[in-house]
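Each chain is listed here by its residues.
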Amino acid sequence: VTALDRLSGRAVWTYQPPELKHSVNPARNNPGGRALSFATAQSVAVNGDVVAAVVGHASPMGRLIPGIYHLTKLVCLSSKDGKLRWRLSPNQIDETLANGYFHGTPIIRDGCVFVLLGRGQLQGFYSAYIAAVNVRTGQLLWRRHLQSSPIQRSQAAPSYARMIYHEGKLFA
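Residues numbered from 1 in each chain as written. Predicted model: local features only at pLDDT ≥ 70, side-chain atom pairs only at ≥ 80, totals over all residues. Heavy atoms only, no water.

Turning to the pattern of salt bridges, a few remarks are in order. Under the definition given, this model contains 3 salt bridges. Across the pair D49 and R136 runs a salt bridge whose closest N-O atoms are separated by 3.7 Å. Taken together, the residues span a long stretch of sequence, with D49 in the loop between β3 (43-47) and β4 (50-57) and R136 in the loop between β9 (125-134) and β10 (140-150) at a distance of 87 residues. Looking at R136, the relative accessible area reads 51%, which means it is exposed. In this structure, R143 engages D94 in a salt bridge whose closest nitrogen and oxygen atoms are separated by 2.8 Å. (Salt bridge = Lys/Arg side-chain N within 4 Å of Asp/Glu carboxyl O. Helix = DSSP H or I, 4+ residues; strand = E, 2+ residues; numbered from the N terminus. Buried < 20%, exposed > 50% of the residue type's maximum accessible area, 1.4 Å probe, protein only.)

Shown next as structure tokens:
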């Protein structure tokens, strides 16, 4: 996550989780040439003094292929200086999401950070979830299963859930 000065374009601050600094995107080493990860895992939301971001990379094949894994985090930073307030892994939302990943753009409203999660299953299904965490503490407020759908072998990645916030309601 990088904050840029709007006039000069220079970096004001940059944040990269320590565990992601030396991680390698598994798609870069795929001899078959097929994309094994996707860029949907990098999105940022800002509301007042808070920045919420999904960082890292994920694979639509998720631990179904040896050596392919997800490494995403939901982070909350200070918009002023980029200092870390808290960070979460999918398994901190729910232990059953240990093979899951964050994706999409978080939404910051009403003291919550709303975020989407996905998880591939060995049975060939993709499951989508939405979670709300406290913007100040990072504590889970609630988690809901949205859908499960089959993944076709020809798909590079499943179609992902999206969400919007309008007049006090979250739509997904």
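Take unusual backbone geometry next. Positive phi, close to 50 degrees, is recorded for D110, a residue that is not glycine. In this fold, D110 is placed in the loop between β7 (101-109) and β8 (112-120). Since its relative accessible area comes to 62%, D110 is described here as exposed. At E167, a residue that is not glycine, the phi angle is positive and equals roughly 45 degrees.

The strand order β7-β8-β9-β10 describes an open sheet built from 4 strands, whose pairing is antiparallel. Sheet topology places β7 and β10 at the edges, where each strand pairs with a single neighbour. Here the average twist between neighbouring strands, direction ignored, is 15 degrees. One ladder, built from 9 bridges, connects β9 with β10; its direction is antiparallel. Within β10, the position partnered with F125 by the bridge is P150. (Pairing = 2+ DSSP bridges. Axes fitted to C-alpha atoms, helices over the stretch in contact; angles between N-to-C directions.)

The next point concerns the nonpolar core. Core analysis: the biggest nonpolar cluster contains 19 residues, and L74, I93, F102, V113 and L117 have the highest contact counts within it. Within the residue set of this core, elements represented by two or more residues are β4, β5 (71-78), β6 (84-88), β7, β8 and β9. I107, F114, Y126 and A128 belong to the second-largest nonpolar core, a separate cluster that totals 13 residues. (Core = buried A, V, L, I, M, F, W, Y, C linked by side-chain atoms within 4.5 Å.)

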